[in-house]
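# Structural characterization, general
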Amino acid sequence: MRVLVAGLIGGIVMFVWGVAAHMALGLGDTGIHLPANENVVLSSLHEGLGNQPGIYILPSLDPKKMGDEAVLKAYSEKAATSPYAFVVYLPQGEDMMQMGPQIGRQWASDTLAALALAFMLGLAGLGFRRRVALAAVAAVFTWLCTMVPYWNWYRFPLDFTLAALVEQLVGWLLAGAAMAWWLGRSERKLAR
């Protein structure tokens, strides 16, 4: 029960930090820019990408043609001279201002992550500082496993990638401190 409560506390702290990081500090907007002519880009998406939602990388290379030397040479030349784009595409659109479902999913994600971390912190018979340090290590680990590959392979902007590190590290330090406090408090009560 103490791990469950610690996870719920951590989830709430992480969610509140996420709201502050995005709404007040603007960390979620770092590296994201407005297009020079949005209407031109939007009007060409259906024609260029079709009706299949998904992720598109431009210029593209069909994986089935990776063995064709001529195709690889043509792709390399095109890639060296063309703009690059990583596009998350929804052909039907979605009103991003209707945030109810997104907020619910974010809270659930933060809480599930906090429950996993609380379980780890509860297993480790450590004091407060070491539990907080473990939370920081977990934050850096997940950033290295997700955001650095996006920067490396998909060319996510470096400032976006570093802002994600700040958001995750600060958030999990705060959540980790709250969970470490709760777990330590609970352990002291059990010891009595």
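Residues numbered from 1 in each chain as written. Predicted model: local features only at pLDDT ≥ 70, side-chain atom pairs only at ≥ 80, totals over all residues. Heavy atoms only, no water.

### Concerning the packing of helix α4 (residues 100–123) against helix α5 (residues 128–154)
- Two elements in contact, α4 and α5, have axes separated by 10 Å at closest approach and are oriented at 140°. Between α4 and α5, the interaxial angle falls into the category oblique. Considering the relative orientation of α4 and α5, their crossing is right-handed. Seen from α4, the contacting residues are Leu117, Met120, Leu121 and Gly122; seen from α5, they are Arg131, Leu134, Ala135 and Ala138.
- Along the lines of polarity and charge, the residues of the contact of α4 with α5 split into six nonpolar, one polar and one charged. (Axes fitted to C-alpha atoms, helices over the stretch in contact; angles between N-to-C directions. Helix = DSSP H or I, 4+ residues; strand = E, 2+ residues; numbered from the N terminus. Parallel < 35°, antiparallel > 145°, perpendicular 65-115°, else oblique. Left-handed = near helix turned anticlockwise from the far one by under 90°. Contact = heavy atoms within 4.5 Å. Nonpolar A, V, L, I, M, F, W, Y, C, P; charged D, E, K, R; others polar.)

### Some words on unusual backbone geometry
- A cis amide bond links leucine 58 with the next residue in sequence, proline 59, at an omega value of -5°.
- Tracing the backbone shows proline 59 in the loop between β1 (54–58) and α3 (69–81).

### A few points about the pattern of salt bridges
- One pass over the structure, following the stated rule, counts one salt bridge.
- Across the pair glutamate 77 and lysine 73 runs a salt bridge whose closest N-O atoms are separated by 2.7 Å. Here glutamate 77 and its partner lysine 73 are both found in helix α3, four residues apart, which amounts to about one turn of the helix.
- The exposure class assigned to lysine 73 is exposed, which follows from its relative accessible area of 54%. (Salt bridge = Lys/Arg side-chain N within 4 Å of Asp/Glu carboxyl O. Buried < 20%, exposed > 50% of the residue type's maximum accessible area, 1.4 Å probe, protein only.)

### Looking at the layout of surface pockets
- Within this model, the second largest pocket holds a volume of roughly 280 Å³.
- As for the second largest pocket, its lining consists of Ile57, Leu58, Pro59, Ser60, Leu61, Tyr75, Ala79, Tyr84, Trp153, Tyr154 and Arg155.
- Taken together, the elements giving at least two residues each to the lining of the second largest pocket come down to β1, α3 and α5.
- Here the residues of the lining of the second largest pocket sort into nine nonpolar, one polar and one charged. (1 Å grid on protein atoms, 1.4 Å probe; cavity = no way out; pocket = protein on both sides within 12 Å on 5 of 7 lines; lining within 4 Å. Points joined across faces, edges and corners; volume = space filled by probe spheres on them.)

### What to know about the nonpolar core
- In terms of nonpolar packing, the biggest core is built from 18 residues, with Ala6, Leu117, Trp172 and Met179 touching the most fellow members.
- Going through the elements one at a time, α1 (2–24), α4, α5 and α6 (158–191) are the ones with two or more residues in this core.
- The leading source of residues in this core is α6, at six residues.
- Apart from the residues within four sequence positions on either side, leucine 117 is in contact with Ala135, Ala138, Trp172 and Met179.
- In terms of nonpolar packing, the next biggest core, distinct from the first, is built from five residues, Trp143, Met147, Ala164 and Leu165 among them. (Core = buried A, V, L, I, M, F, W, Y, C linked by side-chain atoms within 4.5 Å.)

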